[in-house]
Number of protein chains: 2
Amino acid sequence: MALRARALYDFNSENPGEVSVRENEILTLFSEQDIDGWFEGVNSKGERGLFPASYVEILRNDATSTYNNNSCNTSGEAYPDSPDNFSKPNPPAFSTFAVPVQPQQQHGYNQQSQGSDDDWDDDWDDNSTVADEPGTVGRYRNYEGNGSSTYSLSTTSNRGNAQGKSSATVSRNLNRFSTFVKSGGEAFVLGEASGFVKDGDKICVVMGHYGPEWQENPYPFSCAIDDPTKQTKFKGMKSYISYKLTPTHTQTQVNRRYKHFDWLYARLVEKFPVISVPHIPEKQATGRFEEDFISKRQKGLMWWMNHMTSHPVLARCDVFQHFLTCNSTDEKAWKQGKRKAEKDEMVGANFFLTISTPATPLDFQEVESKIDGFKTFTKRMDDSTLQLNATVNEFARKQISGFKKEYQRVGLSFKILSQAFEMDQQPYSSKLNQAISFTGDAYESIGEYFAEQPNKDLDPIMDLLALYQGHLANYPDIIHVQKGALTKVKESQKHVEEGKMDHSQAEGINERCNIISCATLAEIQHFHHIRVRDFKAQMQHHLQQQIAFFQKITSKLEEALLKYDNA
Amino acid sequence: MALRARALYDFNSENPGEVSVRENEILTLFSEQDIDGWFEGVNSKGERGLFPASYVEILRNDATSTYNNNSCNTSGEAYPDSPDNFSKPNPPAFSTFAVPVQPQQQHGYNQQSQGSDDDWDDDWDDNSTVADEPGTVGRYRNYEGNGSSTYSLSTTSNRGNAQGKSSATVSRNLNRFSTFVKSGGEAFVLGEASGFVKDGDKICVVMGHYGPEWQENPYPFSCAIDDPTKQTKFKGMKSYISYKLTPTHTQTQVNRRYKHFDWLYARLVEKFPVISVPHIPEKQATGRFEEDFISKRQKGLMWWMNHMTSHPVLARCDVFQHFLTCNSTDEKAWKQGKRKAEKDEMVGANFFLTISTPATPLDFQEVESKIDGFKTFTKRMDDSTLQLNATVNEFARKQISGFKKEYQRVGLSFKILSQAFEMDQQPYSSKLNQAISFTGDAYESIGEYFAEQPNKDLDPIMDLLALYQGHLANYPDIIHVQKGALTKVKESQKHVEEGKMDHSQAEGINERCNIISCATLAEIQHFHHIRVRDFKAQMQHHLQQQIAFFQKITSKLEEALLKYDNA
């Protein structure tokens, strides 16, 4: 007897090899064994293909069992009734499972297209990761942090959709505050963190010109991201994009998929509580293989990589180095490094143990003032980048539509005039007619130049702003960790005054708050450093591109003007 | 007992010194004698000032008499009931009387403002002109021709309002056809014109490279129009603008008002049936003393003057020379020349008597084909210039509004970003902040450049198009004269065949049709000649301006880029 299953939800096939199934549809399975979270089978219409294993329950001797077997969710309890509700649990074993559409995807783009993001497909070497267990901070932060701030800023198809971001930051901030302090900062400040710090894990904060700084990376490097290439699996039924990464310090190319970036990002967020981990480009459910999207994601990953390799701490950390250097074809080595990273003990509270600070402790009042100043700064920068993004977005849209149209209309009118003039039967005017016709073409071209230009000088600004919006979304959490530590210091002072705490205990809190403060200020200093670097470079790039653009227009017009010389 | 009058219509005062009156309002007059078409008096509110004499009837011994005394209209018969109907007769003695608003003013601008056009005021040396008598062709053509095609094309305040013109041309054309042929062309062809042609009046058509041409003006000249100056009369109560004209062949400055141009235009139209007299700039009821309007009218008059002095026949004709050379302060000389022009017998049908043609008569079939080709050409040119005008008009509007706004918004966003960055407390970023702020200012300036540009390179195109729209509106009439003559030739041939007409009579018709055809083709040739000259010059001017414009933008951006050098 054939193995049968019943669909629990509607599933709409989006990619070749998948079949759509309807809720309650009875399906025939080829095997009880899923392939990376997908069953292969035949639906009631006789269509053969893949569908998500977690969307069906296997029918066995009149008793049903859902596919979930190591999740704490049980069928009928956790699955909501409404198909519009996207909070269905992830399939237990796959952190990056394709379907259903994840909650953070609701904001940015078309909700109608409930497709699978192949980058979320799982082809890990094993089916369980430490980090993907429910309630893991890193994962949470990943979902929250990645989805909310960047996607709506830089997606070309979503120009002008950057509203409501600030409030999202605030709410995440509040959530994160309690979550984070409980799981890391507070524990450390209270002296509850413990672990063995290897020499290689040591992170130094040094006193620089403008206050605490991360010690510079003595071996700076960068990493190219090239050749996004479509790869297939399941005999071509499923596809994904692979990027070639070539770090300058190894000069050895490795292939990585978006989901590897995603995994790495989650590790980093989990490990470094007061470091602003750059957000990876947004996920996208549909159109993932379109050229525009691939090129856009590549650019986003390049920006991300630039910020990673520019960061003295992030650039050197083990998990990032593993990601950059592990041979893509050596599955065993990859698996080892992956497990090691996921089992890293020096994350969260313990990360602070690895930090060594300058000899002289900081003046907390000064620290507080600096942090408050930075808080005000980030708010202003957040507002102004949002506004700039909206303006630039609209400006790009106008150039692509209105500006182009206006110049091309003028061009067309000149063309029509030259065509009318061609009817004049006067041989002596033919050169003029040609010149006017050429002028019409020139305006047509200029219209095209306007439409092409945003890609060169406005999109990069929006990419930059998107990256910085990500950083700005990180800082409320970072600031709250430092503020939480400072509050503990004040509390401890009060407790000492009241005789409830002995001096040495308070001293310990002071010292640990100093570590957090040094790290926070070092991170802020780094932020300003790369901010000035990036905005300077980007403004220069923009102006250079604009100059080249207007020079191109001028040349075109000069070319047209020459045509009148003998007319 | 005071002299009293009753208002026949509402009159709204528009200028200092005027008083408003309501229909049926009883007014007190200071004198039965009007001052150039205006009565001075007191209205029922006790307000003292001027109002149009033709708007009131003087109350005398319970019998009323309207001011009109040499018009064929009688009160109550010709005056329509509806105040919206602008077809009220002109006051009898003043061809350029200010009120009511003339019929052709209905199309172009605000109909609510029924003001007086001071340029229509009369301060002629006498109150009756030959040409202003009812039914005079010249006058009719003046009104029709001037009002309909130019005003909506070039008026800055009426951008984008150039619809419906073509149909107006067609209808005028039909009217003109019968009117004109009856009053001139047909009479001449039928040999009914007669007059003494002085040697100085002789006009030669010669055979050129491309067919018949007007003999070139052996003494070419041009004429500058400068310094529009506001002048006053009636102790400052009424004002007008005076222009300084300096012809190159006399180098002697004369002062002329718009109404002098208007009078001259009427003389020319009346005199030259197959010459396309350039239209003078449109009349305007309100805002006549605003700088924009004055400058615009000056430009229009300069274009007009250019076309007048470029025309081999118009440039040399007596009335134009009188206009250009008669000392403005020598009222007697002016009056003499004026009367002479108005009594000129060589107008209309008689004008053709003054034309001498090349020895070899034209092939009428070839003429017909050329004329048909030109007719098609004018239709196409009319359509394409209308479209170009609408496009350029809209392009100018967009640059003044949308383009400016977009660039200035981007500029503002950069400014806001730089202001946010100034809160970063980092001394090393202050130069970047200044550079970004400067970039913001640069975009602000560029927005301004866009708004200023149309005045330099689009408005001149629209001025040119307006002038040519005027010519194109003239040509249907001109073509109809020639076609009418050709029809007479065909009819006469038929009549000869039928024995209804003798050979010599038909020969005469042939000869006279040859004269008309030579003149028409010469005029068409001249049109093409100046068209190629003007459009070439204007396109070059436009492109040069555009190039300078984009170079200015480039310079501004280069200036901004430099600011980042040490940032």
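First things first, this report covers the structure right here in the doc. (Residues numbered from 1 in each chain as written. Chains lettered and ligands numbered in written order. Predicted model: local features only at pLDDT ≥ 70, side-chain atom pairs only at ≥ 80, totals over all residues. Heavy atoms only, no water.)

1. Quick notes on the sheet that holds strand β11 (residues 254-257) of chain B
Residue and element names in this part refer to chain B.
- Strands sit in the order β9-β10-β11 across an open sheet of three strands; the sheet is antiparallel. With one partner strand each, in any of the chains shown, β9 (223-233) and β11 form the two edges of the open sheet. Sheet twist, expressed as the average angle between the axes of neighbouring strands with direction ignored, equals 35 degrees.
- Direction of pairing for strand β10 (residues 238-247) relative to β11: antiparallel, over a ladder of four bridges. From the neighbouring strand, K244 faces β11, where its bridge partner is N255.
- The sheet strands contacting helix α6 (residues 291-310) are β9 and β10, and the helix crosses β9 at an angle near 135 degrees. (Pairing = 2+ DSSP bridges. Helix = DSSP H or I, 4+ residues; strand = E, 2+ residues; numbered from the N terminus. Axes fitted to C-alpha atoms, helices over the stretch in contact; angles between N-to-C directions. Contact = heavy atoms within 4.5 Å.)

2. A short note on the packing of aromatic side chains
- Under the counting rule described, the total for this entry stands at 62 aromatic pairs over all chains.
- Ring geometry for F351 of chain A against F352 of chain A: centres 5.7 Å apart, planes inclined by 55 degrees, an arrangement best described as tilted.
- The exposure class of F351 of chain A is buried, given its relative accessible area of 1%.
- Classification of F352 of chain A by relative accessible area gives buried; the value is 0%.
- Their ring planes at 10 degrees and their centres at 3.8 Å tell us that F403 of chain A and F403 of chain B sit as a pair that is stacked. With one member in each of two chains, F403 of chain A in helix α9 (residues 364-421) and F403 of chain B in helix α9 (residues 364-421) form a pair that bridges those chains. The pair formed by F403 of chain A and F403 of chain B is uniform in burial state, with each residue classed as buried.
- Between K563 of chain A and the ring centre of F438 of chain A, over which it is positioned, the NZ or CZ distance is 4.6 Å.
- Directly above the aromatic system of Y240 of chain B lies the positively charged group of R257 of chain B, at a separation of 3.7 Å from the ring centroid. (Phe/Tyr/Trp six-rings, centres within 6.5 Å; stacked < 30°, edge-to-face > 60°. Buried < 20%, exposed > 50% of the residue type's maximum accessible area, 1.4 Å probe, protein only. Lys NZ or Arg CZ within 6 Å of the ring centre and 35° of its normal.)

3. Considerations on the relation of the copies chain B and chain A
- Note on the identical chains: chain B maps onto chain A by a rotation of 179 degrees and an axial translation of 0.1 Å, with an RMSD of 0.4 Å. Given the turn and translation reported, the copies of this chain are related as if by a two-fold rotation axis. Relative to the rotation axis, the closest C-alpha in chain B is found at F550 of chain B, a distance of 3.0 Å.
- When the interface residues of chain B are mapped onto chain A, 100% of them again fall at the interface, so both copies present the same face. (Least-squares fit on C-alpha atoms with pLDDT ≥ 70 in both.)

4. Considering the interface of chain B and chain A
- Contact with chain B, which involves 66 residues of that partner, is made by 66 residues of chain A.
- The interface formed by chain B and chain A holds four salt bridges in total.
- Between K398 of chain A and E406 of chain B there is a salt bridge; the shortest N-O distance is 2.7 Å.
- Taken together, chain B and chain A are joined by 17 residue pairs in polar contact (both at pLDDT 80 or more).
- At the level of elements, α9, α10 (430-457) and α12 (503-562) of chain B are the ones that each hand at least two residues to the side of chain B that touches chain A.
- Per element, the largest residue contribution to the side of chain B that touches chain A is 27 residues, and it comes from α9 of chain B. (Salt bridge = Lys/Arg side-chain N within 4 Å of Asp/Glu carboxyl O. Polar contact = N/O pair within 3.5 Å; in protein donor to acceptor, adjacent residues only side chain to side chain.)

5. Describing the environment of C317 of chain B
Residue and element names in this part refer to chain B.
- With respect to the helices and strands, the residue C317 is situated in the loop between α6 and α7 (318-325).
- Classification of C317 as buried rests on a relative accessible area of 8%.
- For the pair formed by C317 and L268, sequence separation is 49 residues and the distance between their alpha carbons is 8.9 Å.
- Excluding residues that lie within four positions of it along the chain, C317 makes contacts with L268 and F272.

6. As for the sheet that holds strand β12 (residues 355-356) of chain B
All names here are of chain B.
- Spatially, β8-β7-β12 is the arrangement adopted by the three strands of the open sheet, whose pairing is mixed. Strands at the two margins of the open sheet, each flanked by one partner only, are β8 (211-214) and β12.
- Direction of pairing for strand β7 (residues 203-208) relative to β8: antiparallel, over a ladder of four bridges. Each residue of the ladder has a partner; that of V206, found in β8, is E213.
- Running over the sheet, α12 touches β7, β8 and β12 and is turned about 75 degrees from β8.

7. As for helix α5 (residues 258-271) of chain A
- Taking 1.5 Å of rise per residue, the 14 residues of α5 of chain A would be expected to cover 20 Å, and the 20 Å separating its terminal C-alpha atoms lies within 8% of that figure.
- The element α5 of chain A is largely enclosed, with a buried count of 14 among its 14 residues. (Expected span 1.5 Å × (residues − 1).)

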